[in-house]
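# Secondary and tertiary structure notes
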Amino acid sequence: MSAQIEVLDAAGTRSRLGYRAAVDALEAALLAGFDPATDVPRTAAPLGSAEALLMPSAVGDAVGVKVLTVAPGNPARGLPRIQGLHLVFDADTMAPVLILEGSVLTGIRTPAVSMVGVRRAMAARVAARRAADGSIDTRPLDVVVFGTGPQAIAHVEALREVCPELPIGRVTHVARRAPRDPAELNGGEFVAAGDATSVAEVIGSAGLVVCATTAREPLFDSAPLRDDVVVVAVGSHEPEARELDSALMARAEVVVEDVVTALREAGDVVLAVHDGALAPAALVPLADVVTGRWIAAHSDAVRPLVVKTTCMSWEDAVVGRTALVH
């Protein structure tokens, strides 16, 4: 008789997952030598007016398959556009042992991957400034988030949980429309995307900018950004969609989960390369940040840092396994 499979709903899945545990697990996989270039690419199949995504992966003892559907017409019905489940398997027997609610896993995994790139890079920049002039930067970190949806909110939550040593200052959300309930922003301020003057002002003072939207064109003119800003872009995973302009990609260090995947799926990267603003050879794999290879050789406090993710199957497998209770 097969072992009983544990099934968790959204609340149960949320109770088992956390940003810090997810970040630690992702970093441990990379430090143990996992190469994201060996991951199984996700596949997509049309289902009438919808689409199905399949994301299988095995990383050490973390084995999982995420199955999603994308239904563009659902928001008009008051239903989620993306829905799905993640199956966790026993690494020895390949028997299914746990089923997680897919959107909750995505909500934890995506900002966790961002934080893997952000926390070490930001710490390295503080250390570089300290080594250069002996100063300790105590300025509060002003954060600008493009978007007011679940991923926009989750990135701020993850930042506070994973990087408690960072003094967070002003948090500003930029979107076309303010949320119906201001409490959804957890104390953050709101600026309308159409107010170009105010947008330029807030991004010009920000130390961290997060882009978590469904935009297909650049969200802002990057010229006002500080030279030491860190920019996270998670909204697009199609080669023709982007949130960042080529001018930023030309002046920034660009970190990606995997170079080949980014050149296939990350529109921010693909279009910047097409524009002649970014050389593929200049892309920095996330593993190089985690292991310190990039930080030791190229950490630079006077160039913007872009962390561009599309999210990969191995990340779901690794984070999903943290939900197992031993």
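Here we summarise the structure given alongside this text. (Residues numbered from 1 in each chain as written. Predicted model: local features only at pLDDT ≥ 70, side-chain atom pairs only at ≥ 80, totals over all residues. Heavy atoms only, no water.)

## Brief notes about the overall build of the protein chain
- Within the protein chain, the regular secondary structure consists of eleven helices and 14 strands.
- Each of the three principal axes of the protein chain carries a C-alpha extent, and together these read 65 × 45 × 40 Å.
- The proportion of buried residues among the 326 residues of the protein chain is 48%.
- When contacts within the protein chain are restricted to residue pairs at least 6 apart in sequence, long-range pairs at least 24 apart make up 67% of them.
- For the protein chain, the accessible surface area stands at approximately 14700 Å², while carbon and sulfur atoms represent 57% of it.
- Taking the average place of the 28 positive charges on the side chains of the protein chain and the average place of its 40 negative ones, the gap between the two points comes to 2 Å. (Helix = DSSP H or I, 4+ residues; strand = E, 2+ residues; numbered from the N terminus. Buried < 20%, exposed > 50% of the residue type's maximum accessible area, 1.4 Å probe, protein only. Contact = heavy atoms within 4.5 Å. Areas by Shrake-Rupley, 256 points an atom, 1.4 Å probe, with all protein chains shown as cover. Lys, Arg positive; Asp, Glu negative; His and termini not counted. Charge placed at Lys NZ, Arg CZ, Asp CG, Glu CD.)

## Overview of unusual backbone geometry
- Despite not being glycine, N186 has its phi angle at roughly 50°, a positive value.
- One can find N186 in the loop between strand 8 (168-175) and strand 9 (189-192).
- What makes N186 exposed here is its relative accessible area of 52%.
- With a phi close to 70°, C311 is a non-glycine residue in the positive phi region.
- Mapped onto the elements of the fold, C311 is located in the loop between strand 14 (305-308) and helix 11 (313-321).

## Section: the packing of aromatic side chains
- Scanning all chains against the criterion turns up two aromatic pairs.
- Centre to centre, the rings of F34 and W314 are 5.2 Å apart; their planes meet at 45°, and the pair counts as tilted. Of this pair, F34 sits in the loop between helix 2 (19-31) and strand 2 (43-47) while W314 sits in helix 11, placing them 280 residues apart in sequence.
- Between F146 and F220, the ring centres sit 4.8 Å apart and the planes meet at 20°, which makes this aromatic pair stacked. (Phe/Tyr/Trp six-rings, centres within 6.5 Å; stacked < 30°, edge-to-face > 60°.)

## Quick word on the pattern of salt bridges
- One pass over the structure, following the stated rule, counts 17 salt bridges.
- The shortest N-O distance in the salt bridge between D24 and R119 comes to 3.3 Å. Pair noted here: D24 is in helix 2 and R119 is in helix 3 (residues 102-133), with a separation of 95 residues, a long-range link.
- Since its relative accessible area comes to 19%, R119 is described here as buried.
- In this structure, E27 and R119 form a salt bridge, with 2.9 Å as the shortest nitrogen-oxygen distance. Taken as a pair, E27 in helix 2 and R119 in helix 3 lie far apart in primary sequence, 92 residues in all.
- Salt bridges sharing common partners tie together D24, E27 and R119. (Salt bridge = Lys/Arg side-chain N within 4 Å of Asp/Glu carboxyl O.)

## Quick word on the sheet that holds strand 9
- Pairing is parallel in the open sheet, where eight strands are placed in the order 9-8-7-10-11-14-12-13. Each edge of the sheet is formed by a strand with only one pairing partner; in this case those strands are strand 9 and strand 13 (284-285).
- Those strands touched by helix 4 (residues 150-162) are strand 7 (141-146), strand 8, strand 10 (208-211) and strand 11 (230-233), and its axis lies near 170° from that of strand 8.
- Packed onto the sheet, helix 5 (residues 196-205) meets strand 7, strand 8 and strand 9 and runs at close to 135° relative to strand 7. (Pairing = 2+ DSSP bridges. Axes fitted to C-alpha atoms, helices over the stretch in contact; angles between N-to-C directions.)

## Topic: empty space enclosed by the protein
- Applying the stated criterion across every chain yields a total of two cavities of 30 Å³ or more.
- Around the largest cavity, the lining residues are D39, V40, P41, R42, M55, T261, R264, E265, T310, C311, M312 and S313.
- Tallying contributions element by element places helix 7 (residues 259-265) first for the lining of the largest cavity, with three residues.
- Of the residues contributing to the lining of the largest cavity, the split by class is five nonpolar, three polar and four charged.
- Considering only enclosed or pocket space, the second largest cavity measures out at about 40 Å³ in volume.
- As for the second largest cavity, its lining consists of D142, V143, V144, R170, T172, V202, S205 and A206.
- Among the secondary structure elements, those contributing two or more residues to the lining of the second largest cavity are strand 7, strand 8 and helix 5.
- Looking at the lining of the second largest cavity element by element, the count peaks at three residues for strand 7. (1 Å grid on protein atoms, 1.4 Å probe; cavity = no way out; pocket = protein on both sides within 12 Å on 5 of 7 lines; lining within 4 Å. Points joined across faces, edges and corners; volume = space filled by probe spheres on them. Nonpolar A, V, L, I, M, F, W, Y, C, P; charged D, E, K, R; others polar.)

## Some points on the nonpolar core
- The biggest cluster of nonpolar side chains holds 56 residues, and the ones touching the most others in it are L26, L159, L208, W314 and V318.
- Among the elements that make up this core, the one with the highest residue count is helix 3 (nine residues).
- V209, M249, A266 and L278 belong to the second largest nonpolar core, which has 28 residues in total. (Core = buried A, V, L, I, M, F, W, Y, C linked by side-chain atoms within 4.5 Å.)

## What about the environment of V318?
- The residue V318 is located in helix 11 in this model.
- Each residue touching V318, except ones within four places of it in the same chain, is listed here: A25, L26, A29, V59 and A62.

## Things to note about helix 8 (residues 267-274)
- For helix 8, the set of buried residues is G267, D268, V269 and A272.
- Phi turns positive, to about 80°, at G276, one or two residues after helix 8.

## Brief notes about the pairing of strand 7
- By the criterion of burial, strand 7 is predominantly enclosed, with five of the six residues buried.
- In this fold, strand 7 hands off to helix 4, which returns the chain to strand 8; that crossover is right-handed. (Right-handed = clockwise from strand over helix to strand, strands pointing away.)

Spatial relationships are all this shows, so hold off on functional conclusions.
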